[in-house]
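Examination of the molecular architecture
Each chain, written out:
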Amino acid sequence: DFVVEIEKRQMKNKEIKDSFRFCLKGILEEMEFNFEIESYVPEWAGIRAHSNGRTNVHTLKALISLFLDNSFLSADKNDQNIILWTILLHDLEKKPEAGKGKDWMHPFKSAATAIKVFIRMGFWPTSAASEKLCEVLQSASIMGTSPSGNPRSVPDHSKLPYIIEKIDQLSRSPFCTYVIKAILFHQSFSPLQEYPNAKPLTEEDCVLYLDVDVLYYLEIVMANDSASYSILDNQKRLQLLKKVASNVHKKKYDILNHPTRTTAKPFDLTRRLPLFLKKFEEQPLGFSKDAANQVEIFVQDILSDLDIALEFSSVVTEWECSFTREAKTRIIKSVLTLTRMDLYEKLYPEYRDCVLWAIIARELANASLQDRSIPSKWIIIKEAIRLFFRLGFISRSYIHEVQYISDYLTEVDKNLRPDYQGFEGKLVAALDYLNAFNYTFMIAPVRNVMYILAVHDLMSRQLSKLTLFRYPECFYEITGVTFEMVECYDAAVSLSCYLDNLDTLFTKVEETHQRFQSNQEVILSVLDRSTEVGEGDLPGFDQTFPDLTKMLMKYAEDFSTEREMTFDQLRDDMQAILKTESVAKRITEIMPEMDELTQHCDGDISMHTLTVMLSFFKDLSFEGLDPVTRDIVTWALFLHDVMKRPQMGKGKDFVHPFKGAARACLILFRLGIIPRTSENYQMTRKFSSTLHQGYKLLQKRGVSIPVQNHRCLHQAWEILEYMPTQARMILKLILLHQSVTVVLDSPQAVDLTREERASFLDPLFIEVFQHIMLHDSVSYCLLHPPKYEAYYHEISEKLYSIKKELRKGAGRSMTTPL
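Attention now moves to the overall build of the protein chain. In terms of regular secondary structure, the protein chain is built from 42 helices and 4 strands. Scored against the burial criterion, the 818 residues of the protein chain give a buried share of 56%. Taking the contacts inside the protein chain whose residues are at least 6 apart along the sequence as the reference set, 72% of them involve residues at least 24 apart. Accessible area of the protein chain: about 37,000 Å², with a carbon and sulfur share of 52%.

Quick look at the structure:
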């Protein structure tokens, strides 16, 4: 109601302002209003009695300011809920003393009180650790100096490592984590120079404790906290909102781009479960006849340890309420089996953590089923994703994706698609569902856990004869280190029943190892039998796809913009070419990725691929190219969008060039264009793994969008130098085809900088690069000649200017031989 009133009038008149303040204060005296808040937050009455209710009035003004702020109104409901709770609770302990100025300790004290509010409401665990955290927050003060030079109590930031660690451990949901952290840090730096902070966080502290999600909430909270003091002056309020938001946004940019910043989450279980894991290091389980009794005593010792129970509950909240004694025993015995395996000891610590998380996720899925039936791997994967989201390994920005994949995996569990039946189908299904989300919200360790859970049941049996795989590179993800993690997980969950007889246990572990080694040989033989169309040299595209080339060339000859044609007609013609029996059969045999691409976005991406090639074939420059360059460009155009997967509500897929180059490398290896040797296999894996990490998150309208990260290009370029010339050129064209803005109407998310252009581009490369850049853009305008010509000339001039700039540059460090 106040928002409507403010928008109706210009509150410049002093009488109106006084009337408004009087009405606002009158609300605070309404019994029903106060009873509603105090039934959940009784501390509201305490600040209402202090300073004649000024802090309560300020809180109400901040809430009103939110509903006048477009950045809050455009946020999704989950974000709005977090921000509203933060504003309501952020000043619960703000009690400035008369004549002493501001209360600089109130953010820490208010965070402690907010935790107590959440404990009463059941949002936060009731425990000794929670009480200790509140005590630390209340007492974390040192004597400092206020901006005016007076001695005052200010926050003691040396306590922050303990505070942040405990908040992350004890919080039951991202909601609680972000509300408490936003309250704690809402005065951690000065958004307005005229109002400096008594004890701002240092630059290093900002980098350590403020992640991208907390900064998003702080930007809105701090802006409206400041603007609330000018709520009745619309012009001044808007100026303050803009100024504070701009300063906080700049601070956020500085923090996120700080050279010492790391995006790694606390995935390390030795930090999360130190007491639990230390027990296994101390257990001297030997070859005695009484091994079974030893194991039972060891399990009982862990189950009766209250500190371990509290520690485990801080990681998996279901530990006490949903996990049965049998489930806890299975986890303990599985971990005990793991610690007796030589292969597990040889794994790097981060890979050991992945195996442990997979074991925990398995029992979490068991606990989630009411009927106590054995969960399928799809349900286990779903529970693992939800656990990692709750713990913060998956950004809260992806809550909708988490919900979507959870619902999707539930459906998959109920009804597996017909083409995903059988061994190969199940494996492809598992990896397809995981790859669909690989580049958005999964950090590398989380992906490893997903792969372990997805394929362990398929790898745990003896494989003998396998038919030729359509997707032999499905196995690329489960060889090497991932294969070893799957082996450790399978042995841990299936062999723990032999702990009472260590001789038998070690025999079974060795049998498992032999079976996995045999399976790995079978898998490698499948890779060796996959289709080859080249032997290191690039085969002509027209030789590999003769019917497709012939039909597109004929269409290009007959194509005329003078005859009337609609976009739908062009689309139908391209789809008809793809559905031609001989074309469809050849694509399915040699490159099933393109067959899969027709299923996405109603075939729009595959249709775009053909129109790009059509634009190239009908261009006058096509005939003037030598055959090798022509084939390089044609292969690059055919593969450039092979992994393009735009997501609903997130707009363009900005990382598809990196994903596409990674997949194209595997395709070229599979087809023999990169010779299939063990050395080249390792090289393609290293190249693909490098590009898997080649993205960063960019905040856009409160949503984290993955975009290209050019830092990985240096390592990728080093690997490319060892590849055959034609394959190297194709991969470079795909990799960079959206790293240079050539049309002002359509800027790229991340452009190559001047220094990066000097490192990764040269005049010879630009001669070939211009074909993919030109036709990828102008293909959208094939039916509009004026726009086609305008784009064609604009792109050509842009690339020519880049070429001139490169020629002027000093000696180059890298060249691209043709």
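This brings us to helix α10 (residues 160-170). Within α10, the full set of buried residues consists of L160, I163, I164, I167, Q169 and L170. The secondary structure elements touched by the buried residues of α10 are α8 (106-121), α9 (128-139), α11 (174-184), α12 (203-209), α15 (269-272) and α18 (306-315).

This paragraph deals with the packing of helix α16 (residues 274-282) against α18. Contact pair α16 / α18: the axes reach a minimum separation of 8 Å and the direction vectors enclose 125°. One element, α16, and the other, α18, form an angle in the oblique class. Every residue of α18 that contacts α16 at P274, L275, F276 and K279 is listed here: D307, I308, E311 and F312. Across the contact of α16 with α18, the residue classes break down as 5 nonpolar, no polar and 3 charged.

Bringing the pattern of salt bridges into the picture now. According to the stated counting rule, one finds 15 salt bridges in the structure shown. Taking the shortest distance from any N to any O, the salt bridge between R330 and E363 comes out at 3.0 Å. Taken together, the positions of R330 in helix α20 (residues 325-338) and E363 in helix α22 (residues 349-368) put the pair 33 residues apart, joining distant regions of the chain. Owing to a relative accessible area of 35%, R330 belongs among the partly exposed residues under this scheme. The partner of R386 in a salt bridge is E383, with the nearest N and O atoms 3.6 Å apart. Of this pair, R386 and E383 both sit in helix α23 (residues 377-391), separated by 3 residues, roughly a single helical turn.

Judged by relative accessible area, R386 falls into the partly exposed class, the value being 42%. As a C-alpha pair, R386 and Q403 span 17 residues in sequence and 8.6 Å in three-dimensional space.

The subject of this paragraph is empty space enclosed by the protein. Scanning the entire structure with this criterion turns up 4 cavities of 30 Å³ or more. Put simply, the largest cavity is a space of about 90 Å³. What lines the largest cavity is a set of 13 residues, among which F108, P155, Q187, S188 and K199 lie closest to the centre. Each residue belonging to the lining of the largest cavity can be placed in one class, and the counts come to 8 nonpolar, 4 polar and 1 charged.

For the coordinates displayed, the defined rule picks out 27 aromatic pairs. When the ring of Y555 is compared with that of F559, the centres are 6.3 Å apart and the planes differ by 35°; the resulting orientation is tilted. The residue whose ring lies beneath R352 is Y344, and the NZ or CZ to ring-centre distance is 5.8 Å. Above the ring of F622, the side-chain terminus of R630 is found at 4.8 Å from the ring centroid.

What counts as what
Counting starts from 1 at the beginning of each chain's written sequence and moves along it residue by residue. With pLDDT at 70 or above as the cut-off, local features in this predicted model cover only qualifying residues; side-chain atom pairs require 80 or more to be listed or tallied, and sums for whole chains, interfaces and linings still use all residues. The side-chain values count all of the structure's non-hydrogen atoms but skip hydrogen atoms and water molecules. Strands here mean DSSP runs of E at least two residues long; helices mean DSSP runs of H or I at least four residues long; both are numbered from the N terminus. Burial classes: relative accessible area under 20% of the type maximum marks a residue as buried, over 50% as exposed, and values in between as partly exposed (1.4 Å probe, protein chains only). When checking whether two residues touch, look at their non-hydrogen atoms; a contact exists if any pair is within 4.5 Å. Every accessible area reported is derived by Shrake-Rupley at a probe size of 1.4 Å, with residue values counting cover from the shown protein chains alone. Lines fitted to C-alpha atoms define the axes here, with helix axes fitted over just the stretch in contact, and angles between the N-to-C directions of these axes take values from 0 to 180 degrees. Angle categories are assigned with fixed cut-offs, so that under 35 degrees is roughly parallel, over 145 is roughly antiparallel, 65 to 115 is roughly perpendicular, and the rest are oblique. Under the grouping applied here, Gly and all other residues not named as nonpolar or charged are polar, the nonpolar ones being Ala, Val, Leu, Ile, Met, Phe, Trp, Tyr, Cys and Pro and the charged ones Asp, Glu, Lys and Arg. One speaks of a salt bridge when a side-chain nitrogen belonging to Lys or Arg is within 4 Å of a carboxyl oxygen belonging to Asp or Glu. For each structure, a 1 Å grid was placed over the protein atoms alone; sets of points admitting a 1.4 Å probe that cannot get out are labelled cavities, open sets with protein on both sides within 12 Å along at least five of seven lines are labelled pockets, and lining residues have an atom within 4 Å of a point. Grid points are joined across faces, edges and corners, and a volume is the space filled by probe spheres set on the points. The rule is short: rings of Phe, Tyr and Trp, with Trp giving its six-membered ring, pair when the centres are within 6.5 Å, and they are stacked under 30 degrees, edge-to-face over 60, tilted in between. Should the NZ of a Lys or the CZ of an Arg lie within 6 Å of a ring centre and within 35 degrees of the ring normal, that charge is described as sitting over the ring.

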